[in-house]
Amino acid sequence: MQEISVTRNPSPKQKPKDESALGFGRLFTDHMFLMNFEEGKGWINPRIVPYGPFDMDPASMVLHYGQAIFEGMKCYRREDGGLQLFRPTDNLARMTRSAQRMGMPALDEETALEGLKQLIRLDADWVPHRDGTSLYIRPTMISTDVGLGVHASKTYLFYIILSPVGAYYKEGLKPVSIYVEDEYVRAVRGGVGFTKCAGNYAASILAGSIAEEKGFSQVLWLDGVEQKYVEEVGSMNMMFAYGNKIVTPKLNGSILPGITRDSVLKLAASLGYETEEGRLDVEQIFADTKSGKLTEAFGTGTAAVISPVGTLALRGEKTTVGDGSIGKISQKLYDTLTGIQYGRLPDEFGWIVKL
Ligand SMILES: *Cc1c(COP(=O)(O)O)cnc(C)c1O
């Protein structure tokens, strides 16, 4: 672990007064963590500095060839006022896996975690108190070589910014409607689908806008080869319940290996549900939803934790999942997982890192 230098912000901002109006990712705290990578030297100069803009050359590689990866995790305030992180080492390990696929250097995970902890301690007053709120953490890595030749950059910047975010659900879990995308694809076999790279999002924005125009809140992506098997939704993994059995697409290289997905699978098993990872044919899922054999559908991800699906649309046809309201399993998993994250329930899995 390297020594982290700290430059305090001489003019801290006013903290938001109304925690019910935080929204998502609009406000940022007073400080950020940075470290640089130079070929031959590794990760150097870890530092906490006042939050602010970067001075970047217009020919910086990331702006042209898109070597950019990120992570998303949260810091939660317990009822006793203390702060805790949820599986942060898993996020940093995933960032290294994303980096390797993108031809970027493995992260110095130990220094990054220490930098994150020090950064949050410094900006601790920014972690909101209101029920369901949290501090969203966005680690990012970008290539910084200047020049237009296409090759792996020799220099990189890693940084962490923090954003106080509001409760995702203000009036209980609200089921969403999703649109099965059968024209565009998000990821292909051998590609970068399993990485949290900026480009995956760039590739998904058009389909998202079209679905929104049609009145849906999310796109459900199918596999990029046959457009037949369920992959995931925008920024969430998908799960379906048949009675007490939960099924989810197996990790095949084109799906993002969600930490919420992994947590839900482990938690569900410990709660006595049967779980299965496999290949899920979208036609079958749709038919089973119509017949009522499939009883619940939900997305899993850091932002919403569990996002129940009320309506599914496939090639112009719509069907309602269950009775269109939140299912028992979805609610149970949401309550248990958020209970662990906010310290209301004991953590039997070793997921919590107290600050
Ligand atoms: C981040 C992300 C998820 C969810 O991952 P979590 O670790 O559970 O937050 C799912 N799909 C995509 C494409 C993502 O980028």
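Residues numbered from 1 in each chain as written. Predicted model: local features only at pLDDT ≥ 70, side-chain atom pairs only at ≥ 80, totals over all residues. Heavy atoms only, no water.

(A) Quick look at the overall build of the chain. The secondary structure content of the chain amounts to eight helices and 18 strands. Whereas a compact globule of 355 residues would reach a radius of gyration of roughly 20 Å, the chain reaches 21 Å, a difference of no more than 12%. Its C-alpha atoms put the chain at 60 × 50 × 35 Å along the principal axes. Evaluated residue by residue, the chain yields a buried proportion of 52% over its 355 residues. Once local pairs closer than 6 in sequence are excluded, the contacts in the chain between residues at least 24 apart make up 72%. Accessible surface computed for the chain: about 16,000 Å², of which carbon and sulfur atoms make up 50%. Taking the average place of the 39 positive charges on the side chains of the chain and the average place of its 43 negative ones, the gap between the two points comes to 2 Å. (Helix = DSSP H or I, 4+ residues; strand = E, 2+ residues; numbered from the N terminus. Rg over C-alpha atoms; globule rule 2.2 N^0.38 Å. Buried < 20%, exposed > 50% of the residue type's maximum accessible area, 1.4 Å probe, protein only. Contact = heavy atoms within 4.5 Å. Areas by Shrake-Rupley, 256 points an atom, 1.4 Å probe, with all protein chains shown as cover. Lys, Arg positive; Asp, Glu negative; His and termini not counted. Charge placed at Lys NZ, Arg CZ, Asp CG, Glu CD.)

(B) Spatial organisation of the domain arrangement of the chain. The assigned domain composition of the chain is domain 1 (5–165) and domain 2 (176–340). Taking the mean C-alpha position of each, domain 1 and domain 2 sit 27 Å from one another. Between domain 1 and domain 2, the contact holds 17 residues from the first and 20 residues from the second. At the boundary of domain 1 and domain 2, one finds one salt bridge. A salt bridge links Arg87 to Asp262; its shortest N-O distance comes to 2.9 Å. The tally of links between domain 1 and domain 2 comes to eleven residue pairs in polar contact (both at pLDDT 80 or more). Secondary-structure elements contributing two or more residues to the side of domain 1 that touches domain 2 are strand S4 (68–70), strand S5 (73–77), strand S6 (83–86) and helix H2 (88–101). (Domains from an automatic or database assignment. Salt bridge = Lys/Arg side-chain N within 4 Å of Asp/Glu carboxyl O. Polar contact = N/O pair within 3.5 Å; in protein donor to acceptor, adjacent residues only side chain to side chain.)

(C) Seen up close, the side chain of Arg87. Residue placement: Arg87 occurs in the loop between S6 and H2. Among the polar contacts made by the side chain of Arg87, one reaches the side chain of Asp262 at a distance of 2.9 Å. Those residues in contact with Arg87 that sit more than four places away from it in its chain are Ile259, Asp262, Ser263, Lys266 and Trp351.

(D) View of the site of the ligand. Taken together, 15 residues surround the ligand, and among them Lys196, Tyr201, Glu232, Thr260 and Thr302 come closest. One of the backbone N or O atoms of Ile259 is found 2.8 Å from an oxygen atom in the ligand. Between the ligand and the protein, one listed contact pairs an oxygen atom with a side-chain N or O atom of Thr302 at 2.5 Å. Computed on the free molecule, the ligand has an accessible area of 380 Å², of which 97% lies beneath the protein chains in the complex. Class assignment for the residues of the shell around the ligand results in four nonpolar, seven polar and four charged. (Near = heavy atom within 4 Å. Nonpolar A, V, L, I, M, F, W, Y, C, P; charged D, E, K, R; others polar.)

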